[in-house]
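# What the coordinates show
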Amino acid sequence: MLIALTGTPGTGKSSVARFLRKKGYRVISLNRIIVREKMVKSCDEKRKSWIVDMKRLEKYVENLKKKYPEKTIILDSHISHLLPVDFVIVLHCSPDELEKRLKKKRWRKEKIRENVEAEMIEVIAVEAEEMLGKERVVEIDTTSKTPEEVCKEIIEVLGKLHY
Ligand SMILES: Nc1ncnc2c1ncn2[C@@H]1O[C@H](COP(=O)(O)OP(=O)(O)O)[C@@H](O)[C@H]1O
Ligand SMILES: [Mg+2]
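Summary of the structure given here. Keep in mind that this is a model prediction, so the values were computed, not measured. (Residues numbered from 1 in each chain as written. Chains lettered and ligands numbered in written order. Predicted model: local features only at pLDDT ≥ 70, side-chain atom pairs only at ≥ 80, totals over all residues. Heavy atoms only, no water.)

Let us now look at the sheet that holds strand β2 (residues 26-29). Taken in spatial order, the five strands line up as β2-β5-β1-β6-β7 in an open sheet, and their pairing is parallel. In this open sheet, the two strands that pair with only one neighbour each are β2 and β7 (137-141). Pairwise comparison of adjacent strand axes, ignoring direction, gives a mean angle of 25° for this sheet. Inspection of the sheet shows strand β1 (residues 2-7) paired to strand β6 (residues 87-92) by five bridges, in the parallel sense. Paired with G7 across the strands is L91, a residue of β6. The sheet contacts of helix α6 (residues 123-132) involve β1, β6 and β7, and relative to β6 the element is tilted by about 170°. (Pairing = 2+ DSSP bridges. Helix = DSSP H or I, 4+ residues; strand = E, 2+ residues; numbered from the N terminus. Axes fitted to C-alpha atoms, helices over the stretch in contact; angles between N-to-C directions. Contact = heavy atoms within 4.5 Å.)

Here we take up the site of ligand 1. Looking at ligand 1, there are 15 residues lining it, with G10, K13, S15, K105 and K145 nearest. Here K13 contributes a side-chain N or O atom positioned 2.8 Å from an oxygen atom of ligand 1. One nitrogen or oxygen atom from the side chain of S15 is found 2.5 Å from an oxygen atom belonging to ligand 1. Protein contacts shield 79% of the accessible area of ligand 1, which totals 560 Å² for the unbound molecule. Among the cavities detected, the one that contains ligand 1 is the largest pocket. For the shell around ligand 1, the class distribution of residues is two nonpolar, seven polar and six charged. (Near = heavy atom within 4 Å. Polar contact = N/O pair within 3.5 Å; in protein donor to acceptor, adjacent residues only side chain to side chain. Areas by Shrake-Rupley, 256 points an atom, 1.4 Å probe, with all protein chains shown as cover. 1 Å grid on protein atoms, 1.4 Å probe; cavity = no way out; pocket = protein on both sides within 12 Å on 5 of 7 lines; lining within 4 Å. Sits in = over half its atoms within 2 Å of the grid points. Nonpolar A, V, L, I, M, F, W, Y, C, P; charged D, E, K, R; others polar.)

Now the structure itself:
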């Protein structure tokens, strides 16, 4: 079973991924795969973002499913919900807190604004529900939780899934 761990950059996906791995879950950082397998098609200079070859990324994900049909694999990326997954976990964070987190990461002002705005209108949650339907999407607010607490919540969600 493939689980997308998605959310606006800065909502804490990679932080929670570390705790999930410690608990024994298999978490794949798709950003790392995209770089390693050279799946960046081009770069949007204006927005300073990558254009990812989604067809190749999809193929990679489909192969994972074929190779490990019995395994639960979590895919960490803010585009993971756009892939052929079985379930989506969307992390949220209040726009103010998100701004703080991205400032701490020394992101550029324009990128911070772009992502805070995306979080305000919940772009990713809306996309995920369109892709998979509400019943296959769970949203978790991380604003006043530690990554460890978010990890615990995710494990509870995974425990309730029967496929
Ligand atoms: N639950 C949390 N509470 C407070 N700060 C957090 C939390 N999760 C992540 N952070 C911080 O916010 C920043 C972004 O986290 P990160 O895990 O890289 O997000 P993402 O992978 O979603 O982009 C990091 O500096 C991290 O230390
Ligand atoms: Mg990350």
